[in-house]
Amino acid sequence: MVYQIQDKVILITGAAGGIGAACARELYAEGAKLVLTDISQKSVDTLAAEFAKERVLAMAMNVTDWKSIKKVTNIAVSTFGKIDIVFANAGISWKESAYTVLNCDESEFEKILDVDLFGVWRTIKSALPEIVKNKGQVVVTSSIYAFTNGMCNAPYATSKAGIEMLARSLRAELAGKSASASVLYPGWITTPLTTDVFGGDRLTTNMREIGFPPILRKAIPPERVAKALAKGLKHRKPRIIVPARWVPIQLFRGIVGIFSDSFLANNSRIQSLLLELECRTKR
């Protein structure tokens, strides 16, 4: 049976960003009621202004703070009477430049993990009683980085691989309760997080062009992700991979990973660019 989004209450983290905002608009168009959260109240208020007041709740929420998350969860239930879907989408990456593990700042590495991995865990854990009660769904925004090499973006890639397994584990645990969990795997998306690798930074742009074949280099707008998410929710898909050209890579990730890791470790141009990056960002 198709899972109807109409009148479902959906809590979205990272709602003010590219994927979050696009998904909010798509799900609203499908008839959902939205709980829009992000680190800034102003940003979610701006997005909420696009929607009917009776179908939206906009609140600042810090996914690194249990109190903040539980407060929003409780207010959402008080306002709408329930939460049917939690979309754990909030995520960050390096603030300024790409870094290697050797050359990065320890606190920034751990901050990314705190938001992208533990922030997702906190969000899910807080909403899970509602999801189980309403036979709803959990969705996490992972990434192609869950199954491709995370060179120069290790904390982000580590987090995306971690939340993939979190959601996969959760799906098995929820099956007997008529609830479910799904993993959203966006490819390259035209959002601020990908600006550097699409011309914003010469080194990381060159690495992407060397490390990925032409068919996998193209970026898509977040609106395509939003449509894929809505379709995935309707059918409770375990994996929502967008664009579809990444599906074979995901299916054969073990084999592809062996060759990819070897290529990156042994390609002289890649290694030269890595050294240049470390020299540029030397601390």
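Residues numbered from 1 in each chain as written. Predicted model: local features only at pLDDT ≥ 70, side-chain atom pairs only at ≥ 80, totals over all residues. Heavy atoms only, no water.

*Asks:* How should I be thinking about the overall build of the protein chain in this particular structure?
*Replies:* Across its full length, the protein chain holds 11 helices and seven strands. By the compact-globule yardstick of 19 Å for 283 residues, the protein chain fits well, its C-alpha radius of gyration being 19 Å. Judged by the C-alpha coordinates and their principal axes, the protein chain covers about 60 × 35 × 30 Å. Within the span of the protein chain, comprising 283 residues, buried residues form 52% of the whole. Taking as baseline every contact in the protein chain between residues at least 6 positions apart, the subset at least 24 positions apart corresponds to 68%. Accessible surface computed for the protein chain: about 13200 Å², of which carbon and sulfur atoms make up 57%. (Helix = DSSP H or I, 4+ residues; strand = E, 2+ residues; numbered from the N terminus. Rg over C-alpha atoms; globule rule 2.2 N^0.38 Å. Buried < 20%, exposed > 50% of the residue type's maximum accessible area, 1.4 Å probe, protein only. Contact = heavy atoms within 4.5 Å. Areas by Shrake-Rupley, 256 points an atom, 1.4 Å probe, with all protein chains shown as cover.)

*Asks:* What is the right way to read the sheet that holds strand E5 (residues 137–141) from this model?
*Replies:* Paired through backbone hydrogen bonds, the strands of a sheet run either parallel or antiparallel to each other. Read from one edge to the other, the open sheet built from seven strands follows the order E3-E2-E1-E4-E5-E6-E7, with strand pairing classed as parallel. Both outer strands of the open sheet, strand E3 (56–60) and strand E7 (239–242), are each paired with one neighbouring strand and no more. The mean inter-strand angle of the sheet, taken between neighbouring strand axes irrespective of direction, is 15°. Strand direction decides the pairing type here: strand E2 (residues 33–38) and E3, joined by five bridges, are parallel. Each bridged residue has a counterpart across the sheet, and for Asp38 the counterpart in E3 is Ala60. (Pairing = 2+ DSSP bridges. Axes fitted to C-alpha atoms, helices over the stretch in contact; angles between N-to-C directions.)

*Asks:* How should the UniProt feature "domain: Ketoreductase" (unreviewed entry) in the protein chain be read in this particular structure?
*Replies:* Under the feature "domain: Ketoreductase" (unreviewed entry), the UniProt entry names residues 8–191. In this annotation, residues 8–191 is assigned 46% helix and 17% strand; the end-to-end C-alpha distance for the span is 27 Å. (UniProt positions renumbered as here; feature names shortened; annotations may be inferred.)

*Asks:* I would appreciate a short explanation of the nonpolar core in the present structure.
*Replies:* Within soluble globular proteins, side chains that are nonpolar generally end up buried alongside one another. Judged by nonpolar contacts, the single largest core of 44 residues is most densely connected at Val35, Ile124, Val138, Val140 and Trp246. Mapped onto this core, the elements with two or more residues apiece are strand E1 (9–12), E3, helix H3 (66–80), strand E4 (85–88), helix H4 (106–133), E5, helix H5 (154–174) and strand E6 (180–186). Apart from residues lying up to four places away in sequence, Ile124 is in contact with Ala88, Val138, Val140, Leu166 and Leu170. In this structure, Tyr3, Phe51, Val225 and Ala230 belong to the second largest nonpolar core, which totals 35 residues. (Core = buried A, V, L, I, M, F, W, Y, C linked by side-chain atoms within 4.5 Å.)

*Asks:* For this particular structure, what's the right way to read the environment of Arg280?
*Replies:* Position of Arg280 among the secondary structure elements: in helix H11 (residues 268–280). For Arg280, a relative accessible area of 42% puts it in the partly exposed group. Once the C-alpha coordinates of Arg280 and Thr194 are considered, the two residues, 86 residues apart in sequence, prove to be 20 Å apart. Excluding residues that lie within four positions of it along the chain, Arg280 makes contacts with Ser97, Asp201 and Leu203. For Arg280, the side chain forms a polar contact with the side chain of Asp201, separated by 2.8 Å. (Polar contact = N/O pair within 3.5 Å; in protein donor to acceptor, adjacent residues only side chain to side chain.)

*Asks:* Teacher, can you tell me more about the packing of helix H6 (residues 202–211) against H11 here?
*Replies:* The description of two helices packed together rests on the angle between their axes and the distance between the axes. Contact geometry for H6 and H11: axes closest at 10 Å, N-to-C directions at 160°. In terms of orientation, H6 and H11 fall into the roughly antiparallel class. Crossing handedness for the pair H6 and H11: left-handed. Between H6 and H11, the contacting residues are Arg202, Leu203, Asn206, Met207 and Ile210 on the first element and Arg269, Ile270, Leu273, Leu274, Glu276, Leu277 and Arg280 on the second. (Parallel < 35°, antiparallel > 145°, perpendicular 65-115°, else oblique. Left-handed = near helix turned anticlockwise from the far one by under 90°.)

*Asks:* Please explain the packing of helix H1 (residues 18–29) against helix H8 (residues 222–234) as it appears in this structure.
*Replies:* In contact at an axis separation of 8 Å, H1 and H8 are set at 50° when each is read in the N-to-C sense. Taken together, the axes of H1 and H8 are oblique relative to one another. Handedness of the crossing formed by H1 with H8: right-handed. The segment H1 lies against H8, with Gly18, Ile19, Ala22, Cys23, Glu26 and Leu27 engaging Pro222, Glu223, Val225, Ala226, Lys227, Leu229, Ala230 and Leu233. Grouping the constituent residues of the contact of H1 with H8 by class yields 10 nonpolar, one polar and three charged. (Nonpolar A, V, L, I, M, F, W, Y, C, P; charged D, E, K, R; others polar.)

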